[in-house]
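# Overview (structure and organization)
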Amino acid sequence: MEKIEAIKEFGGWLNRYRHRSSACACDMTFSVYLPPAAATEKVPVVYWLSGLTCTDDNFRVKAGAQRYAAELGLALVIPDTSPRGAEAPDVPERYDLGQGAGFYVNATQEPWARHYRMYDYVTRELPALVEANLPVTAARSITGHSMGGHGALICALKEPGRYRSVSAFAPICHPMACGWGQGCFKAYLGNDREAWAAYDAVRLIEAGAEAIPLLIDQGTADEFLAQQLHPESLERVCAARDFPLTLRWQDRYDHSYHFIATFIGEHLAYHAGILRETRTAEAVAKPAAR
């Protein structure tokens, strides 16, 4: 992978990389924040998945997360939201389909199937690349916003043990029931709605996904709450299955990065605590070297 940018922040480094992706069959760009601790030891990673229309730049510029990551000793890995460039198909007149709207699925339909494999990219290719080339451990957590919150939930639910913790900001909880999800799922996955269920958090929990605690913040003034996000559906299925969900309703917050910036420190502290506990437990369980 090629480093194309390096900016010093809070004693660490915000780097941007470009590489040829086998999952997406195009060049992909992603950002990584390495905290000061990464200069002397490997650190755990929190993956951030962004929402519709975003690139890696939105989160790293607007969320204010690097200050907290520096203090907590966390690396942040921030992928793009879809394949890019002339090779990747697009619908330029639509913001909710094509480039900027990968929905973190593996597409099966033409013309999307060759490039739109963001699920494999996020869960397999990108972690392998990061862990092989940067001072990070294999201890991972995942979080995201809106479409990226959907991505964080499905990655954690579909990959037991791959992520130590998961959280989300205003996630699309039930994409099969909203316009954004229906439009993209039909294009990327075809007309069989049962194929869609493999990428729907509500349906995954209904089908018996292994329990992992879910932390979600949702603003009450979110302009997309009623039509697109459906947190009540997630709350209902979690209650029915006794699935561990903490859904925090944040009074008068909207869908913007102002909302994310307000609570990102709490989310990173949540992940850091779990990653630290797991790391300590593993160290205790590991036999002493002779």
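Whatever comes next refers back to the structure up there.
Overview of the structure. Remember, predicted model here, so these are calculated numbers, not experimental data.

Take the layout of surface pockets next. The calculated volume of the largest pocket comes to roughly 200 Å³. Residue composition of the lining of the largest pocket, grouped by class: six nonpolar, seven polar and one charged.

Moving on, we come to the environment of Gly-219. One can find Gly-219 in strand β8 (residues 214–219). Classification of Gly-219 as buried rests on a relative accessible area of 0%. Not counting the four nearest positions on each side in its chain, Gly-219 is found in contact with Leu-225, Gln-250, Tyr-253 and Phe-259.

Here we come to helix α3 (residues 118–133). Remark: the principal bend of α3, roughly 35°, maps to Glu-125, with a proline, Pro-127, within the next four residues. Along α3, the positions that sit buried rather than exposed are Met-118, Tyr-119, Tyr-121, Val-122, Thr-123, Glu-125, Leu-126, Pro-127, Leu-129 and Val-130. Where α3 is buried, its residues touch β2 (12–21), β3 (26–34), β4 (43–49), β5 (75–79), β6 (136–144) and α4 (147–158).

Further remarks concern the pairing of β3. In terms of residue burial, β3 counts as a mostly covered element, since seven of its nine residues are buried. Summarising the sheet, β2 and β3 pair through nine bridges and their orientation is antiparallel. Its bridge partner being in β3, Trp-13 is matched across the sheet by Leu-34. Hairpin connection between β2 and β3: a loop of four residues separates the two successive antiparallel strands, and Ala-25 in this loop has a positive phi of roughly 55°. Pairing of β3 with β5, which is carried by four bridges, proceeds in the antiparallel orientation. By the bridge assignment for β5, Tyr-33 is matched with Leu-76.

A separate point is the nonpolar core. Membership of the largest hydrophobic core comes to 97 residues, with the highest contact counts inside it found for Phe-103, Ile-142, Tyr-188 and Leu-234. Contact partners of Phe-103, with chain neighbours within four places excluded, come to Leu-52, Thr-81, Met-147, His-150, Ile-172, Pro-175, Trp-180, Gly-181, Cys-184, Phe-185 and Tyr-188.

Conventions used here
Residues numbered from 1 in each chain as written. Predicted model: local features only at pLDDT ≥ 70, side-chain atom pairs only at ≥ 80, totals over all residues. Heavy atoms only, no water. 1 Å grid on protein atoms, 1.4 Å probe; cavity = no way out; pocket = protein on both sides within 12 Å on 5 of 7 lines; lining within 4 Å. Points joined across faces, edges and corners; volume = space filled by probe spheres on them. Nonpolar A, V, L, I, M, F, W, Y, C, P; charged D, E, K, R; others polar. Helix = DSSP H or I, 4+ residues; strand = E, 2+ residues; numbered from the N terminus. Buried < 20%, exposed > 50% of the residue type's maximum accessible area, 1.4 Å probe, protein only. Contact = heavy atoms within 4.5 Å. Bend = angle between axes of the 7 residues up to and from the residue. Pairing = 2+ DSSP bridges. Core = buried A, V, L, I, M, F, W, Y, C linked by side-chain atoms within 4.5 Å.

Limitation: the analysis is restricted to geometry and does not speak to function.
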